[in-house]
Amino acid sequence: DGGITQSPKYLFRKEGQNVTLSCEQNLNHDAMYWYRQDPGQGLRLIYYSQIVNDFQKGDIAEGYSVSREKKESFPLTVTSAQKNPTAFYLCASSPVTGLNTEAFFGQGTRLTVV
Amino acid sequence: AQSVAQPEDQVNVAEGNPLTVKCTYSVSGNPYLFWYVQYPNRGLQFLLKYITGDNLVKGSYGFEAEFNKSQTSFHLKKPSALVSDSALYFCAVRDDTSGTYKYIFGTGTRLKVLA
């Protein structure tokens, strides 16, 4: 099955801890994205990457970090500097050329600070 | 900057009635517009897109959307609503003004179809 896999589905973090959310795709897409979803605020872009070893900050990058060492993988680390990390995190991927321009999403990771 | 707006937080419609979920956009250049649906605790599912061509775009599950350039709108429609259509709907635009691609989403509209 082709698609995007996010893991884990649920994640609990203690105050002061860093946690890493996994995102893997086998769609051969060049671009990958991380969004944060809070109730009533829609999706906000954290980081995105168009190519391996390169990525750009989105609108709310503070307190987060990413890497893109492989085309298939785009992990997101939520650091202790992120003061309010409790949210639903969505990973997506898309091609960057051609007419198939839509993004495909994973099933999300719900992060809760305990 | 590219943006989309969804003016309604919630839309209620009776089963069997037509539904409309509104979206307006603000872009420079030609818009690439999308509709997605989200069920509780799930990712977003792609419904349909407008890139170029016919202003009426047909998508999954009987949904369609009408692109209106003069009104800068891209409203989602369905002729006959089902209870199973109840979900959160997002309009999005692809922003490639900076030379890289990213997707900008509206705040979402919750559709409630009443039996």
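In this text the structure is predicted, and so the values were computed from the model without any measurement.

## Let's talk about a nonpolar patch on the surface
Now for step 1: A cluster of nonpolar side chains, namely Y10, F12 and V114 of chain A, defines an oily patch on the protein surface of about 360 Å² accessible area.
Now for step 2: Taking relative accessible area as the criterion, F12 of chain A reaches 55% and is therefore assigned exposed.

## Some words on unusual backbone geometry
Now for step 1: In the segment running from S7 of chain A into P8 of chain A, the intervening peptide bond is cis, with an omega of -5°.
Now for step 2: You can see P8 of chain A is positioned in the loop between β1 (4-7) and β2 (10-13).
Now for step 3: With a phi close to 60°, N28 of chain A is a non-glycine residue in the positive phi region.
Now for step 4: Along the polypeptide, N28 of chain A turns up in the loop between β3 (19-25) and β4 (31-37).
Now for step 5: On the basis of relative accessible area, N28 of chain A is assigned to the exposed category, the value being 59%.
Now for step 6: The phi dihedral of N41 of chain B falls on the positive side, at around 55°, and the residue is not glycine.

## Overview of the pairing of β3 of chain A
All names here are of chain A.
Now for step 1: Every second residue of β3 is oriented toward a common face, the buried set being V19, L21, C23 and Q25 and the non-buried set T20, S22 and E24.
Now for step 2: Judged from the four bridges that link them, β1 and β3 form a sheet pairing that is antiparallel. Across the sheet, the residue bridging to I4 is Q25, located in β3.
Now for step 3: Here three bridges tie β3 to strand β8 (residues 76-78), and the two strands are oriented antiparallel to one another. Paired with T20 across the bridge in β8 is T77.

The rules behind these values
Residues numbered from 1 in each chain as written. Chains lettered and ligands numbered in written order. Predicted model: local features only at pLDDT ≥ 70, side-chain atom pairs only at ≥ 80, totals over all residues. Heavy atoms only, no water. Patch = residues over 30% accessible without salt bridge, like charges linked within 9 Å, V, L, I, M, F, W, Y side chains within 5 Å. Areas by Shrake-Rupley, 256 points an atom, 1.4 Å probe, with all protein chains shown as cover. Salt bridge = Lys/Arg side-chain N within 4 Å of Asp/Glu carboxyl O. Buried < 20%, exposed > 50% of the residue type's maximum accessible area, 1.4 Å probe, protein only. Helix = DSSP H or I, 4+ residues; strand = E, 2+ residues; numbered from the N terminus. Pairing = 2+ DSSP bridges.

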